[in-house]
Amino acid sequence: MNALTEADDQATTRTAEPSRDVWNDFAHAGPGTLAGRYMRRFWHPVYRSEDLNPGRTVPLRIMSEDLTLYRGDSGTVHALAFRCAHRGTQLSTGWVEGDTLRCFYHGWRYDGSGQCVEQPAEPEPFC
Ligand code: FES
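Read on for a plain summary of the structure. (Residues numbered from 1 in each chain as written. Predicted model: local features only at pLDDT ≥ 70, side-chain atom pairs only at ≥ 80, totals over all residues.)

1. Quick word on the pairing of strand 2 (residues 65–71)
The criterion, for reference: DSSP calls a pair of strands paired once it identifies at least 2 bridges connecting them. Runs of E in the DSSP output that reach at least two residues are strands. Runs of H or I that reach at least four are helices, and both are numbered from the N terminus.
Where strand 1 (residues 57–62) meets strand 2, 6 bridges bridge the pair, whose relative direction is antiparallel. Note that in strand 2 the partner of Pro59 across the bridge is Thr68. Here strand 1 hands over to strand 2 after 2 residues, with Met63 in that stretch at a positive phi of 50°. Here 5 bridges tie strand 2 to strand 3 (residues 77–81), and the two strands are oriented antiparallel to one another. Looking at strand 3, one finds that Tyr70 is bridged to His78. A loop of 5 residues connects strand 2 with strand 3, the two strands running antiparallel in sequence, and Gly75 in this loop sits at a positive phi of about 100°.

Written out as structure tokens, the structure is:
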């Protein structure tokens, strides 16, 4: 009886080989991955400040996530989604107005937090 219990204990404590998916989860840092969730808990240098002048935008890919970086007229740097919420235009092709960013295509305007603050030509704006 004792030998059977010992064998059962060994079987239950043996660890299985990690699957390839588990290792991929450590290797990728995109949003929603294990490493991505962990890495997003810390600050990271993503761009040289002196290379981003006021009124300029740049597309940025960091940890498998596409973003738009821009410096407002006040000198504050903001990171927004890569694409416009309206029709998906690349936001880095837009232009800076004050501390907001206006989409190139239909002119939706976003503040530094990514909140849409203006929707020109919409009869009933819902931003
Ligand atoms: S795609 Fe940006 S405002 Fe339409």
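2. Quick word on the sheet that holds strand 2
What links the strands of a sheet is backbone hydrogen bonding, and the strands pair in either a parallel or an antiparallel sense. The line we're drawing: Axis lines are fitted to C-alpha atoms, over the contacting stretch for helices. Their N-to-C directions set the angle, which ranges from 0 to 180 degrees.
With respect to topology, 3 strands assemble into an open sheet ordered 1-2-3, the strand pairing being antiparallel. Of all strands in the sheet, those with a lone pairing partner are strand 1 and strand 3, marking the two edges. Direction aside, neighbouring strands of the sheet carry axes that sit 35° apart on average.

3. Observations concerning the nonpolar core
Cut-off, in case you're wondering: The term nonpolar core means buried Ala, Val, Leu, Ile, Met, Phe, Trp, Tyr and Cys residues held together as one set by C-beta atoms within 7 Å. Once C-beta atoms are placed from the backbone, each residue is buried if 20 or more other C-beta atoms lie within 10 Å of its own, exposed if 12 or fewer, and partly exposed for counts between those two. Each residue gets a C-beta atom placed from its backbone, and two residues are in contact if those atoms lie within 7 Å.
Grouped together as the largest cluster of nonpolar side chains are 8 residues: Tyr70, Leu80, Cys84, Leu91, Leu101, Cys103, Trp108 and Tyr110. Among residues more than four places away in sequence, those in contact with Leu101 are Thr57, Tyr70, Leu80, Leu91, Gly94, Val96 and Tyr110.

4. Quick word on the environment of Leu101
Looking at the element boundaries, Leu101 is found in strand 5 (residues 100–102). The class for Leu101 is buried, based on 25 C-beta atoms found within 10 Å. Along the sequence, Leu101 and Thr57 sit 44 residues apart, while their C-alpha atoms lie 8.8 Å from each other.

5. Some thoughts on the sheet that holds strand 4 (residues 95–97)
Here 4 strands make up an open sheet; going across it, the order is 4-5-6-7 and the pairing antiparallel. Edge strands, defined here as strands with exactly one partner in the open sheet, are strand 4 and strand 7 (116–118). Relative to strand 5, strand 4 runs antiparallel, the two sharing 3 bridges. Looking at strand 5, one finds that Trp95 is bridged to Arg102.

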